[in-house]
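Per-entry structural report
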Amino acid sequence: MSFDAAVSVATTVPGLAATIWNPVVGQLAPGVGTELSRPIRGLVSFVLVLMGGALVLRLRRNYVDESINAILDSPAMAVLYGIAGYVIVAIVGLYGATTLARLSVAGGVFVRIAILISSAFVLILTSFGFLVVGTLLTDILRNRQPALGLLIGASLSAVSWILLSPAGSIVSSLAIAAFGIGGSARLWIHSERTVETELGGR
């Protein structure tokens, strides 16, 4: 993404955020914050993380081991790299949404589709983070068991939604998930730099 494109995204973010916030978040916030009880929110979080983590284990099980090994190499930096991963996803999502918003009459439809796809990707990413954290705990306590780790990770997500307010639950969930995806994010970021360095040297 070029600098001009990034500036274009930055200038259209407020309008796009307003467009998304009112119809989407405005409808979800009451349900999440007031209508659903804490146990129900915890159950929903448990099921979503369990489903997302199971999908990861089914398709990319080796990513779990790679991420854990990368975290163990530099645990202090895991959260920072995880946050960077979320930021990159957010930038790409906003860039795609603002680009689609400039399209013709169907632009609004495409933006909604982009939001749904981005939300699904963030859910899988967050589930992966909880899966990695849970599996890491099994590795520390005994033997590395991703299946058991998924149950532990899903339980951690449920507990945060049961004990904390919606805002606190979101923050804590993102923090835990950021630590979990930090290893993979570090590997990806440095591999991208390596490719850019090699291409620049030719």
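Quantities reported herein were computed from a predicted structural model and do not represent experimental measurements.

On to the pattern of salt bridges, then. Overall, the coordinates contain 2 salt bridges when judged by the stated rule. Between Arg144 and Asp65 there is a salt bridge whose closest N-O contact spans 3.1 Å. Note that Arg144 is positioned in the loop between α4 (107–141) and α5 (146–163) and Asp65 in helix α2 (residues 38–73), a separation of 79 residues in sequence. For Asp65, a relative accessible area of 32% puts it in the partly exposed group.

Here we take up the nonpolar core. Judged by nonpolar contacts, the single largest core of 19 residues is most densely connected at Val64, Tyr86, Phe128, Leu131 and Val132. Taken together, the elements giving at least two residues each to this core come down to α2, α3 (78–101), α4, α5 and α6 (166–200). Residues within four places of Phe128 in sequence aside, it is in contact with Val56, Tyr63, Val64, Ser67, Gly180, Ile181 and Ser184.

Let us look at the packing of α2 against α5. With their axes 8 Å apart at the nearest point, α2 and α5 run at an angle of 155° to one another. Judged by the angle between their axes, α2 and α5 are roughly antiparallel. The handedness of the crossing between α2 and α5 comes out as right-handed. In contact with Arg38, Pro39, Arg41, Gly42, Ser45, Phe46, Val49, Leu50, Gly53, Ala54, Leu57 and Arg61 of α2, α5 contributes Pro146, Ala147, Leu150, Leu151, Gly153, Ala154, Ser155, Ser157, Ala158, Trp161, Ile162 and Leu163. Classifying every residue of the contact of α2 with α5 gives 15 nonpolar, 6 polar and 3 charged.

Per the UniProt entry, the sites bearing "transmembrane region" (unreviewed entry) are residues 41–57, 78–97, 109–134, 146–164 and 170–189 in this numbering. End C-alpha atoms of residues 41–57 are separated by 24 Å, and the span's content is 100% helix alongside 0% strand. Structurally, residues 146–164 is divided into 95% helix and 0% strand, and its ends, taken at the C-alpha atoms, are 27 Å apart.

Attention now goes to the environment of Val132. Residue position: Val132 is located in helix α4. Linking Val132 and Ile152, residues 20 residues apart in sequence, is a C-alpha distance of 9.8 Å. Setting aside its immediate chain neighbours within four residues, Val132 contacts Val64, Ser67, Ile68, Ile71 and Gly180.

The rules behind each value
Residues numbered from 1 in each chain as written. Predicted model: local features only at pLDDT ≥ 70, side-chain atom pairs only at ≥ 80, totals over all residues. Heavy atoms only, no water. Salt bridge = Lys/Arg side-chain N within 4 Å of Asp/Glu carboxyl O. Helix = DSSP H or I, 4+ residues; strand = E, 2+ residues; numbered from the N terminus. Buried < 20%, exposed > 50% of the residue type's maximum accessible area, 1.4 Å probe, protein only. Core = buried A, V, L, I, M, F, W, Y, C linked by side-chain atoms within 4.5 Å. Contact = heavy atoms within 4.5 Å. Axes fitted to C-alpha atoms, helices over the stretch in contact; angles between N-to-C directions. Parallel < 35°, antiparallel > 145°, perpendicular 65-115°, else oblique. Left-handed = near helix turned anticlockwise from the far one by under 90°. Nonpolar A, V, L, I, M, F, W, Y, C, P; charged D, E, K, R; others polar. UniProt positions renumbered as here; feature names shortened; annotations may be inferred.

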